[in-house]
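Each chain is listed here by its residues.
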Amino acid sequence: MSSDTLAQPAAVPDVPDEADVPRIVPQRRLGQWAAAVAVLALLGLAVDSVLRNDAFQWDVVAAYFTSDAVLRGLWLTLWLTAVVMVLGFALGTLLAAFRLSANPVLRAVSWGYVWLFRSIPILVQLLLWFNIGALYPRILGVRTVDLFGPVTVAIIGLTLHEAAYAAEVVRGGILSVDRGQIEAAQALGLGRWRRWRRIVLPQAMRSIVPPAGNMLIGTLKGTSIVSVIAVQDLLYSVQLVYHRTYQVIPLLMVATVWYTVVTSVLGVGQYYVERHYARGSEHTR
């Protein structure tokens, strides 16, 4: 090989001129931006009409927002929601275990319970329990009206109704766990309790928490229905005030704002609980 050949430089690839490289132009979404502007304009008009409308009487809303009567009603609403959720999911978990049992009698009882209490509207259930004394004037020698006060009736009616839906939520969460993982845990010699605690529940909670959170918020709002049986929850408390002052709209706005605040806080809590149980899944961000 000659020295001329060795001295020959390597071929340099042709670099296209910058003018020859096609530019990527982002797609113009004029229709979407126009719709967004229109929606914001309408939203601004709606907010402005609410804030500037003297009929809302925002000064009255501010005066009653933290009044003793309203805060007592709010506390009863929160307490009733917590009690109903705990008892409802406790009974619902038992019903879900019955539904997944190999015993046909337990499965039939669970299915019948869920079918019955999901079929009857909650208002009808509350009124039936409130008038249970007409069917059973005495229970264990005690007058029924003395045993079942308005708050007790509210707890019983809401809990039985909640348990029917909680049973399906828990059952669906358990069924979402891959059967192969349970069989693998059995092959490793893990006991029933350890299998449920370490394998089944952590994975089932991913499916249970979202609907359970929605049920919690729905129960909080649904407690307002107990006002029909004179339970002094948040709604009934503001009703007592506006029946006396005739300031219906501002008092209803007091209840509306409180419900909005509490459900927003619960929504934030639900987000973080869902993120906790979603750790390790492919959808976690």
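Scroll up for the structure.
Below is a short write-up of the structure. Worth saying up front: this structure is predicted, and the values here are computed from it rather than measured. (Residues numbered from 1 in each chain as written. Predicted model: local features only at pLDDT ≥ 70, side-chain atom pairs only at ≥ 80, totals over all residues. Heavy atoms only, no water.)

This part takes up the overall build of the protein chain. A tally of helices and strands in the protein chain yields 12 helices and 2 strands. Each helix (α) and strand (β) of the protein chain, taken in turn from the N terminus, gives the series α-α-α-α-α-α-β-β-α-α-α-α-α-α. The 285 residues of the protein chain split such that 30% are buried. Accessible surface, the protein chain: about 18800 Å² in total, of which carbon and sulfur atoms supply 64%. (Helix = DSSP H or I, 4+ residues; strand = E, 2+ residues; numbered from the N terminus. Buried < 20%, exposed > 50% of the residue type's maximum accessible area, 1.4 Å probe, protein only. Areas by Shrake-Rupley, 256 points an atom, 1.4 Å probe, with all protein chains shown as cover.)

This part covers the side chain of Thr263. Assignment of secondary structure puts Thr263 in helix α12 (residues 248-277). A distance of 2.7 Å separates the side chain of Thr263 from the backbone oxygen of Tyr259, its partner in a polar contact. Aside from chain neighbours lying at most four places away, what touches Thr263 is Ile217, Leu220 and Lys221. (Polar contact = N/O pair within 3.5 Å; in protein donor to acceptor, adjacent residues only side chain to side chain. Contact = heavy atoms within 4.5 Å.)

Next up on the list: the packing of helix α4 (residues 68-99) against helix α5 (residues 104-119). Put simply, α4 and α5 touch, their axes get as near as 7 Å, and they point 135° apart. Compared by their axis directions, α4 and α5 come out oblique. The two elements α4 and α5 meet at a crossing, and its hand is left-handed. Facing α4, whose interface residues are Leu91, Leu95, Phe98 and Arg99, α5 presents Leu106, Arg107, Ser110, Trp111 and Tyr113. For the contact of α4 with α5, the class distribution of residues is 6 nonpolar, 1 polar and 2 charged. (Axes fitted to C-alpha atoms, helices over the stretch in contact; angles between N-to-C directions. Parallel < 35°, antiparallel > 145°, perpendicular 65-115°, else oblique. Left-handed = near helix turned anticlockwise from the far one by under 90°. Nonpolar A, V, L, I, M, F, W, Y, C, P; charged D, E, K, R; others polar.)

So, about unusual backbone geometry. Although it is not a glycine, Gln57 sits at a positive phi angle of roughly 50°. Structurally, Gln57 can be placed in the loop between α2 (30-52) and α3 (58-65). According to the relative accessible area criterion, Gln57 is partly exposed, its value standing at 29%. In this structure, Ala230 is a non-glycine residue whose phi angle is positive, near 65°. Within the element layout of this structure, Ala230 appears in the loop between α10 (192-222) and α11 (234-245). With a relative accessible area of 41%, Ala230 lands in the partly exposed category.

Bringing the packing of aromatic side chains into the picture now. Enumeration over the complete set of coordinates arrives at 6 aromatic pairs. Geometrically, the ring pair formed by Phe56 and Trp58 is stacked, given 5.4 Å between the ring centres and 15° between the ring planes. Overall, Trp58 belongs to the partly exposed group, its relative accessible area being 29%. Geometrically, the ring pair formed by Tyr271 and Tyr272 is edge-to-face, given 5.1 Å between the ring centres and 75° between the ring planes. Given a relative accessible area of 47%, Tyr271 falls into the partly exposed group. (Phe/Tyr/Trp six-rings, centres within 6.5 Å; stacked < 30°, edge-to-face > 60°.)

Scanning all chains against the criterion turns up 4 salt bridges. The salt bridge involving Asp48 is made with Arg52; its shortest N-O contact spans 2.6 Å. Taken together, the residues Asp48 and Arg52, both in helix α2 and 4 residues apart, mark about one turn of the helix. Of the residues examined, Arg52 reaches a relative accessible area of 63% and is grouped as exposed. (Salt bridge = Lys/Arg side-chain N within 4 Å of Asp/Glu carboxyl O.)

Another aspect to go through is the packing of α4 against helix α8 (residues 150-175). The description of two helices packed together rests on the angle between their axes and the distance between the axes. Packing of α4 against α8 leaves a shortest axis separation of 6 Å and a crossing angle of 45°. Considering the angle they form, α4 stands oblique to α8. Seen along the crossing, α4 lies across α8 with a hand that is right-handed. Here the contact of α4 with α8 is composed, by residue class, of 19 nonpolar, 4 polar and 4 charged.

Time to look at the nonpolar core. Ranked by size, the top nonpolar core spans 18 residues in total, and within it Val70, Leu234, Val238, Leu251, Val254 and Trp258 carry the most contacts. Elements represented by at least two residues in this core include exactly α3, α4, α11 and α12. Per-element tally for this core: the top contributor is α12, with 7 residues. Leu76, Leu126, Val226 and Val231 belong to the second largest nonpolar core, which has 14 residues in total. (Core = buried A, V, L, I, M, F, W, Y, C linked by side-chain atoms within 4.5 Å.)

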